[in-house]
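Observations on the model geometry
Read off the chains here:
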Amino acid sequence: MRTMKRVLLVDDDDSLLRVTQKQLTAAGHEVVALPSAEAALDVFDPEEIDLVLTDIEMPEMDGIELLAEIKRRNPDTPVVVITAHGSVERAVTAMKTGAVDFLEKPFRRE
């Protein structure tokens, strides 16, 4: 049985991806950090992933589409959507699609 939580972190911003991965690892989590929604879906396994953190704005498949597909595969997987381009409309869309939270960048470490 795993004791640390495994987080799937998805963001096409390499700098933010690395910084967030380091912060989550320092907090005691195992992090799978990937630059695209497509790559995330290739490795997503609800038995292995405890939480998904995804950016909205990404080329090809965006974070809302990723959220919808993860929820289709496993409705119980918690997904937090993060974005630098936040709006009430996007937050509502994310929450209606199944996100457990919506965070605007930059976000605090806590």
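That block above? That's the structure.
Residues numbered from 1 in each chain as written. Predicted model: local features only at pLDDT ≥ 70, side-chain atom pairs only at ≥ 80, totals over all residues. Heavy atoms only, no water.

**A word on the overall build of the protein**
When its secondary structure is counted, the protein shows four helices and five strands. Each helix and strand of the protein, ordered N terminal to C terminal, gives the series β-α-β-α-β-α-β-α-β. The C-alpha radius of gyration of the protein comes to 13 Å, within 12% of the 13 Å expected for a compact globule of 110 residues. Its C-alpha atoms give the protein principal-axis dimensions of about 40 × 30 × 25 Å. A burial count over the protein gives 39% of its 110 residues as buried. For the protein, the share of sequence-separated contacts (at least 6 apart) that also reach a separation of at least 24 residues comes to 59%. When the accessible surface of the protein is split by element, carbon and sulfur atoms take 51% of a total near 6400 Å². When the 13 positive and 22 negative side-chain charges of the protein are each reduced to one mean point, those points stand 5 Å apart. (Helix = DSSP H or I, 4+ residues; strand = E, 2+ residues; numbered from the N terminus. Rg over C-alpha atoms; globule rule 2.2 N^0.38 Å. Buried < 20%, exposed > 50% of the residue type's maximum accessible area, 1.4 Å probe, protein only. Contact = heavy atoms within 4.5 Å. Areas by Shrake-Rupley, 256 points an atom, 1.4 Å probe, with all protein chains shown as cover. Lys, Arg positive; Asp, Glu negative; His and termini not counted. Charge placed at Lys NZ, Arg CZ, Asp CG, Glu CD.)

**Structural notes on the pairing of strand 4 (residues 79–83)**
Among the five residues in strand 4, five count as buried, and that is most of the element. On strand 4, burial covers both faces: Val79, Val81 and Thr83 on one face and Val80 and Ile82 on the other are all buried. Sheet analysis places strand 3 (residues 51–55) next to strand 4, joined by four bridges and oriented parallel. Paired with Thr54 across the bridge in strand 4 is Val81. In the classification by handedness, the crossover that spans strand 3, the intervening helix 3 (residues 63–73) and the parallel strand 4 is right-handed. (Pairing = 2+ DSSP bridges. Right-handed = clockwise from strand over helix to strand, strands pointing away.)

**Overview of the nonpolar core**
Leu8, Val52, Leu66, Ile70 and Val81 are the most contacted members of the largest nonpolar core, which totals 21 residues. Residue assignment for this core shows that the elements contributing at least two residues are strand 1 (6–10), helix 2 (37–43), helix 3, strand 4 and helix 4 (88–97). If you tally residues by element for this core, the top one is helix 3, at four residues. If sequence neighbours within four positions are ignored, Leu66 has contacts with Val10, Ala37, Ala40, Leu41, Thr54 and Met61. Listed in part, the nine residues of the second largest apolar core include Val7, Leu9, Val31 and Val80. (Core = buried A, V, L, I, M, F, W, Y, C linked by side-chain atoms within 4.5 Å.)

**Focus on helix 1 (residues 14–26)**
The end-to-end C-alpha distance of helix 1, which contains 13 residues, comes to 18 Å, matching closely the 18 Å that a straight helix rising 1.5 Å per residue would cover. Those residues of helix 1 that sit buried are Leu16, Leu17, Thr20 and Leu24. Down the axis, helix 1 shows its buried residues gathered within 100 degrees of arc, on one side only. Every exposed residue of helix 1 that faces more than 90 degrees away from the buried side is listed here: Lys22 and Ala26. Contacts made by the buried residues of helix 1 are with strand 1, strand 2 (30–34), strand 3 and strand 4. Near the N-terminus of helix 1, the side chain that reaches the backbone nitrogen of Ser15, with its oxygen 3.1 Å away, is that of Asp13. Looking at the residues trailing helix 1, positive phi occurs at Gly28, about 100 degrees. (Expected span 1.5 Å × (residues − 1). Arc of directions from axis to C-beta. Polar contact = N/O pair within 3.5 Å; in protein donor to acceptor, adjacent residues only side chain to side chain.)

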